[in-house]
Amino acid sequence: MPLSDTIFPPQKSALLRRFTALLEPKDDAQITALARESAAITRRHFGKTIRLFAPLYLSNECINNCAYCGFSRDNAILRVTLDIASVVKEARHLAAEGFRNILLVAGEHP
Ligand code: SF4
């Protein structure tokens, strides 16, 4: 049984069938074809541009303990959560520096 049938039920729309087919294992030629198609679609929709996102760190508090992450719960670091005034100040600073796309970053914390 294909992997996709274990994730989604067999009665699915054409769009869902196409999506689940993308999740199936691929050989090198198929990966290359997918990469070419992806690049062509990206260029058609966005042109040859690079969009920069500036991270705005809202909080480094987190209840989880992912091994690769500096925000991990057991990591003995100073924990900081910005108040609204600080978030606005940071966002204005980034905007003044020319950034038009801001990536809000925070750990998972109630
Ligand atoms: S911030 Fe995200 S990646 Fe980092 S420990 Fe928390 S849940 Fe994991």
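Residues numbered from 1 in each chain as written. Predicted model: local features only at pLDDT ≥ 70, side-chain atom pairs only at ≥ 80, totals over all residues.

Enquirer: If you had to explain the overall build of the protein to someone new, which residues and values would you point to?
Expert: Helices and strands together make up the secondary structure of the protein, namely four helices and two strands. Ordered by position in the sequence, the α and β elements of the protein form the string α-α-α-β-α-β. Relative to the 2.2 N^0.38 estimate, which gives 13 Å for 110 residues, the radius of gyration of the protein is 21 Å and therefore markedly larger than a compact globule would have. Referenced to the eigenvectors of the C-alpha coordinate spread, the extents of the protein come out at roughly 50 × 40 × 25 Å. In the protein, which comprises 110 residues, the share counted as buried stands at 3%. In the protein, the share of contacts with a sequence separation of at least 24, taken over all contacts with a separation of at least 6, comes to 54%. (Helix = DSSP H or I, 4+ residues; strand = E, 2+ residues; numbered from the N terminus. Rg over C-alpha atoms; globule rule 2.2 N^0.38 Å. Buried ≥ 20, exposed ≤ 12 C-beta atoms within 10 Å, placed from the backbone. Contact = placed C-beta atoms within 7 Å.)

Enquirer: Explain the domain arrangement of the protein to me, and be specific about the residues and the numbers.
Expert: A common way to express how large an interface is: the accessible area buried when the components associate. Assigned domains of the protein: these are domain 1 (3-46) and domain 2 (54-106). Once you take the C-alpha centre of each, domain 1 and domain 2 turn out to be 33 Å apart. (Domains from an automatic or database assignment.)

Enquirer: Pulling in residues and values, what's your account of the environment of A54?
Expert: Structurally, A54 can be placed in strand β1 (residues 54-59). In this structure the C-alpha to C-alpha distance between A54 and I31, which are 23 residues apart in sequence, comes to 30 Å. Filtering out sequence-adjacent residues up to four positions away, A54 remains in contact with L94, F99, I102 and L103.

Enquirer: Give me the pairing of strand β2 (residues 102-106): which residues, what numbers.
Expert: The element β2 is barely covered by neighbouring structure, given that only zero of its five residues are classed as buried. In this sheet, β2 lies alongside β1 in parallel orientation, the contact comprising five bridges. Across the sheet, the residue bridging to Y57 is V105, located in β2. Since β1 and β2 lie parallel, the crossover through helix α4 (residues 84-96) that links them has a hand, and here it is right-handed. (Pairing = 2+ DSSP bridges. Right-handed = clockwise from strand over helix to strand, strands pointing away.)

Enquirer: A description of the confidence of the model for the protein should follow, citing residues and the corresponding values.
Expert: Of all residues in the protein, 91% attain a pLDDT of 70 or more, and the chain-wide mean is 91. Confidence scores differ between elements of the protein, with helix α1 (residues 3-7) showing the lowest mean pLDDT of 61 and α4 the highest of 97. (pLDDT = per-residue confidence, 0-100.)

Enquirer: Residues and numbers for helix α3 (residues 28-46), please.
Expert: Quick reminder: α-helices carry 3.6 residues per turn. Residues three or four places apart thus point the same way. In this model α3 runs 26 Å from its N-terminal to its C-terminal C-alpha over 19 residues, within 8% of the 27 Å that 1.5 Å per residue would give. Little of α3 is tucked away, with zero of its 19 residues classed as buried. Phi turns positive, to about 75 degrees, at G47, one or two residues after α3. (Expected span 1.5 Å × (residues − 1).)

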